[in-house]
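Observations on the model geometry
Take a look at the letters that make up each chain.
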Amino acid sequence: METFGLKIIASDRVFYDGRCLSLVIPAPDGEKGILPRHENMVIAIDVGIARMELEECKWTEVAVGTGFAEIVNNRVTLLVDTAERPEEIDIRRAQEQRDRAEEQMRQKQSIQEYYHTQASLARAMNRLRLAQDKKWNL
Amino acid sequence: MANIREIQSRINSVKDTMKITNAMYMISSSKMTQAKKKLADTEPYFYGLQGEISRILRHLPELKHRFFDQRGKIPKEERKIGSIVITADKGLAGAYNHNIVKVEEEILAKPGIHKLFVVGELGRHYFSKRGVEIDTNFRYTVQKPTMHRARDISGAIIDQFLDGELDEVYVVYTRMENSVQADAEVMKLLPLERADFNVMKMPLNMYREEIDLYPSAEDVMDRIVPNYVNGMIYGALVEAYASEHNARMMAMKSATDSAQSLIKELSILYNRARQAAITQEITEVCAGARAQQKK
């Protein structure tokens, strides 16, 4: 099967660098799928779960933060502020992060603080969504 | 010649100080290695962002965006200039803090309404005494730079920029050239300038690939630019952290070295004084004995 080059760069490391069969990313208005020989494009990415098919029918899920994907000449570069595998997520920490954000949401805060907490809450929920139903966390 | 006890206590006090400077040297060197590693880890992300903005600008030369708005209509005297100044939390780092303060003073001398965002206790002290307006809600330390802190800082800055409370934003930090050289530097953060992203001059007849921006160019820029600013601030924080510890390491190394040479000198003095005391005692004993014999 045809593949394309995929590079996922998070702010603290290069998360993945190699070939990929297909990729699904969370765009602001829903998921977007990328197959080999995709048109050249830059797509904005929201906090959410991306899936990449590295071998046939073997999908790997990744929790990503905001950023964007760039597709040029059959090479895809994802630049996101965070990228984590489900097994790297610390459920306890994510829960604490969510609780803290929810607590702050209830208090009076400025618009800027509100957006900030909202983003933090979104990241925490996203982590939990990815990690919670994994068998090692049951 | 000073007496033996005085010299002895002097030697001991120098030795104690040397222990401290030596410990600080080792702490700084280990912290610096960590900081360097952090910096190397973020570099691909950072350069990726920079390359991407330049690519988008290349393909969409007519793109107008609020982050690129130079606000040229505002006269020089009324421009609100914000600077993020990154100093250390404490001294004992050679000329590190002094260099930063000097660069910031140059900015303050220019026309405009200045506002400071100081990271680091030492700079905060200095500028509050000097009577410049400092954002008081802006309390961050320079220890252990994290992405989270950079996000806090860039969030506050971008917000003020978009609200029109700031027209220009600079970062004053120390960039590490290599392990012996570090320079205090000013970096313009906002508004972004096209010239910064060295837009390549391409021949007109060359085919350029078309790039679609999804959902829209504005949306994509809205995501890239805050991340870019965030990355710049994070990079500056880490660079400053690494150079602070490098400066402290060098300062502490030279302090330890000079303490060692001081101890060497003092111990020679001490030995001389001891020798003199012994000689004197012997002379006294001999003189006493001879006086006894003569009786």
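Here we come to the overall build of chain B. Scanning chain B for helices and strands turns up five helices and five strands. When the elements of chain B are put in sequence order from the N terminus, they spell out α-β-α-β-α-α-β-β-β-α. In terms of overall size, chain B is more extended than a compact globule, its C-alpha atoms giving a radius of gyration of 29 Å where 295 residues would be expected to give roughly 19 Å. A total of 295 residues make up chain B; the buried ones form 44% of that total. Within chain B, residue pairs in contact and separated by at least 24 positions form 76% of the contacts whose partners lie at least 6 positions apart. The centroid of the 42 positive side-chain charges in chain B is displaced by 11 Å from the centroid of its 39 negative side-chain charges.

Another aspect to go through is the overall build of chain A. Within chain A, the regular secondary structure consists of two helices and 10 strands. Starting at the N terminus and walking to the C terminus, you meet the elements of chain A as β-β-β-β-β-β-β-β-β-β-α-α. For chain A, the residues scored as buried account for 48% of the 138 residues in total. Considering only residue pairs separated by 6 or more positions, chain A has 53% of its internal contacts joining residues 24 or more positions apart.

Let us now look at the packing of aromatic side chains. Inspection of every chain in the model, using the stated rule, returns five aromatic pairs over all chains. The interplanar angle of 55° and the centroid separation of 6.1 Å between the aromatic rings of tyrosine 114 of chain A and tyrosine 115 of chain A together place this pair among those described as tilted. On the accessibility criterion, tyrosine 114 of chain A (34% relative accessible area) is partly exposed. Seen from their ring centres, phenylalanine 46 of chain B and tyrosine 228 of chain B are 6.4 Å apart, and the 10° between their planes marks the pair as stacked. With phenylalanine 46 of chain B in helix H1 (residues 4-59) and tyrosine 228 of chain B in helix H5 (residues 217-294), this residue pair connects regions lying 182 residues apart in the sequence. Put simply, the rings of Phe46, Tyr47 and Tyr228 of chain B touch in pairs and so form one group of aromatic residues. For arginine 71 of chain B, the ring lying beneath its charged end belongs to phenylalanine 161 of chain B, and the centroid distance is 4.2 Å. Above the plane of the ring of tyrosine 25 of chain B lies lysine 253 of chain B, whose end atom (NZ or CZ) is 5.6 Å from the centre.

A few words now on the side chain of glutamate 168 of chain B. All names here are of chain B. Mapped onto the secondary structure, glutamate 168 falls in strand S3 (residues 168-176). Relative accessible area serves as the criterion here: at 9%, glutamate 168 is assigned to the buried category. Aside from chain neighbours lying at most four places away, what touches glutamate 168 is Arg79, Lys80, Ile81, Gly82, Lys188, Leu190 and Pro191.

Turning next to the sheet that holds strand S7 (residues 58-64) of chain A. All names here are of chain A. Read across the open sheet, the five strands follow the order S4-S3-S6-S7-S10; overall the sheet is antiparallel. The open sheet is flanked by strand S4 (30-34) and strand S10 (83-84), the only strands paired with a single partner. Where strand S3 (residues 22-27) lies against S4, five bridges are found, and the strand directions are antiparallel. Residue pairing across strands places proline 26 opposite glutamate 31, the latter belonging to S4.

Another aspect to go through is helix H2 (residues 111-131) of chain A. The end-to-end C-alpha separation of H2 of chain A is 30 Å, in line with the 30 Å expected for 21 residues at 1.5 Å each. When H2 of chain A is considered as a whole, its buried residues turn out to be Thr117, Ser120, Leu121, Arg123, Ala124, Asn126, Arg127, Leu128, Leu130 and Ala131 of chain A. The elements touched by buried residues of H2 of chain A are strand S6 (48-55), S7, S10 and helix H1 (91-106) of chain A together with helix H4 (147-162) of chain B.

Another aspect to go through is the interface of chain B and chain A. Residue-level contacts link 26 residues of chain B with 31 residues of chain A. Carbon and sulfur atoms make up 58% of the surface buried where chain B meets chain A, a total of about 2400 Å² over both sides. The tally of links between chain B and chain A comes to two salt bridges. Among the ionic pairs, aspartate 81 of chain A bridges to arginine 151 of chain B, the shortest N-O distance being 3.7 Å. One can count three residue pairs in polar contact (both at pLDDT 80 or more) joining chain B with chain A. If you list the elements that add at least two residues to the side of chain B that touches chain A, you get H1, H4, strand S5 (212-214) and H5 of chain B. Per-element tally for the side of chain B that touches chain A: the top contributor is H1 of chain B, with nine residues. A breakdown of the residues in the side of chain B that touches chain A according to their chemical character gives 12 nonpolar, four polar and 10 charged.

All names here are of chain B. Of all the seven residues making up strand S1 (residues 80-86), six are buried; the element is thus mostly covered by neighbouring parts of the structure. Looking at chain direction, S1 and S3 are connected through five bridges and run parallel. Paired with serine 83 across the two strands is tyrosine 170, which belongs to S3.

All names here are of chain A. By the assigned domains, chain A splits into domain 1 (4-84) and domain 2 (90-136). Just the C-alpha atoms count here: the centres of domain 1 and domain 2 sit 23 Å apart. In this assembly, nine residues from domain 1 lie in contact with seven residues from domain 2. Summing the contributions of domain 1 and of domain 2, the shared interface buries around 680 Å²; its carbon and sulfur component is 60%. For the pair domain 1 and domain 2, the interface holds one salt bridge.

For the rest of this paragraph, the subject is a nonpolar patch on the surface. Residue and element names in this part refer to chain A. Among the surface-exposed residues, Ile111, Tyr114 and Tyr115 lie close enough to one another that they form a single nonpolar patch of about 330 Å² accessible area. Along the chain, isoleucine 111 turns up in helix H2. Exposure remark for isoleucine 111: the relative accessible area of 57% places this residue in the exposed category.

Reading across from one edge, S2(A)-S1(A)-S9(A)-S8(A)-S5(A)-S5(B) is the order of the six strands in this open sheet, with mixed pairing throughout. The outermost strands of the open sheet, each flanked by one partner alone, are strand S2 (13-20) of chain A together with S5 of chain B. Averaged over all neighbouring strand pairs, the angle between strand axes comes to 15°, with direction disregarded. Strand direction decides the pairing type here: strand S5 (residues 41-45) of chain A and S5 of chain B, joined by three bridges, are parallel. Bridge pairing in S5 of chain B places valine 42 of chain A opposite leucine 213 of chain B. Across the sheet, H1 of chain B lies against strand S1 (4-10), S2, S5, strand S8 (67-72) and strand S9 (75-80) of chain A together with S5 of chain B, angled at about 65° from S8 of chain A, the strand it touches most. Seen against the sheet, H5 of chain B touches S5 and S8 of chain A together with S5 of chain B and runs at an angle of roughly 65° to S5 of chain A.

Parameters and conventions
As a convention, each chain's residues are numbered from 1 in the sequence order in which they are written. Whichever chain is written first becomes A and whichever ligand is written first becomes 1, with later ones labelled in order. Totals for whole chains, interfaces and linings use all residues, but because this is a predicted model, local features are given only for residues with pLDDT of at least 70 and pairs of side-chain atoms are given and counted only at 80 or more. Water and hydrogen atoms play no part in the side-chain values, which are based on all heavy atoms of the structure. Elements are defined by DSSP. Helices are runs of H or I of four residues or more, strands are runs of E of two residues or more, and each kind is numbered from the N terminus. All radius of gyration figures rest on C-alpha atoms, and the globule criterion is 2.2 Å times the number of residues raised to 0.38. Using a 1.4 Å probe on the protein chains alone, a residue whose accessible area is under 20% of its type maximum counts as buried, one over 50% counts as exposed, and one in between counts as partly exposed. Contacts between residues were defined by any pair of non-hydrogen atoms, one from each residue, lying within 4.5 Å. Positive: Lys, Arg. Negative: Asp, Glu. His and the chain ends are not part of the count. A charge is said to be at NZ when it belongs to Lys, at CZ for Arg, at CG for Asp and at CD for Glu. Aromatic rings from Phe, Tyr and Trp, with only the six-membered ring used for Trp, were paired whenever their centres fell within 6.5 Å, and each pair was classed as stacked if the ring planes differed by under 30 degrees, edge-to-face if by over 60, and tilted otherwise. As a reminder, the over-ring test applies to NZ of lysine and CZ of arginine, requiring each to be within 6 Å of the ring centre and within 35 degrees of the ring normal. Whether two strands pair comes down to DSSP finding at least two bridges between them. An expected span of 1.5 Å times one less than the residue number is assigned to each helix. Two parts placed together each lose some accessible area; with a 1.4 Å probe, that loss summed over both constitutes the buried area. Throughout this description, the term salt bridge denotes a Lys or Arg side-chain nitrogen within 4 Å of a carboxyl oxygen of Asp or Glu. Counted as a polar contact is a pair of N or O atoms within 3.5 Å, where, for protein atoms, one must be capable of donating a hydrogen and the other of accepting one, and residues adjacent in sequence contribute only when both atoms are in side chains. Just so you know the grouping, Ala, Val, Leu, Ile, Met, Phe, Trp, Tyr, Cys and Pro go in nonpolar, Asp, Glu, Lys and Arg go in charged, and all remaining residues, Gly too, go in polar. Annotation comment: domain bounds sourced from an automatic or database domain assignment. Patch construction takes residues with relative accessible area above 30% that form no salt bridge. Like charges are linked within 9 Å, and nonpolar side chains (Val, Leu, Ile, Met, Phe, Trp, Tyr) are linked within 5 Å. Note on areas: Shrake-Rupley, 1.4 Å probe, and residue coverage restricted to the protein chains presented here. Axis angles are defined between N-to-C directions and span 0 to 180 degrees, where every axis is a line fitted to C-alpha atoms and, for a helix, only to the segment in contact.

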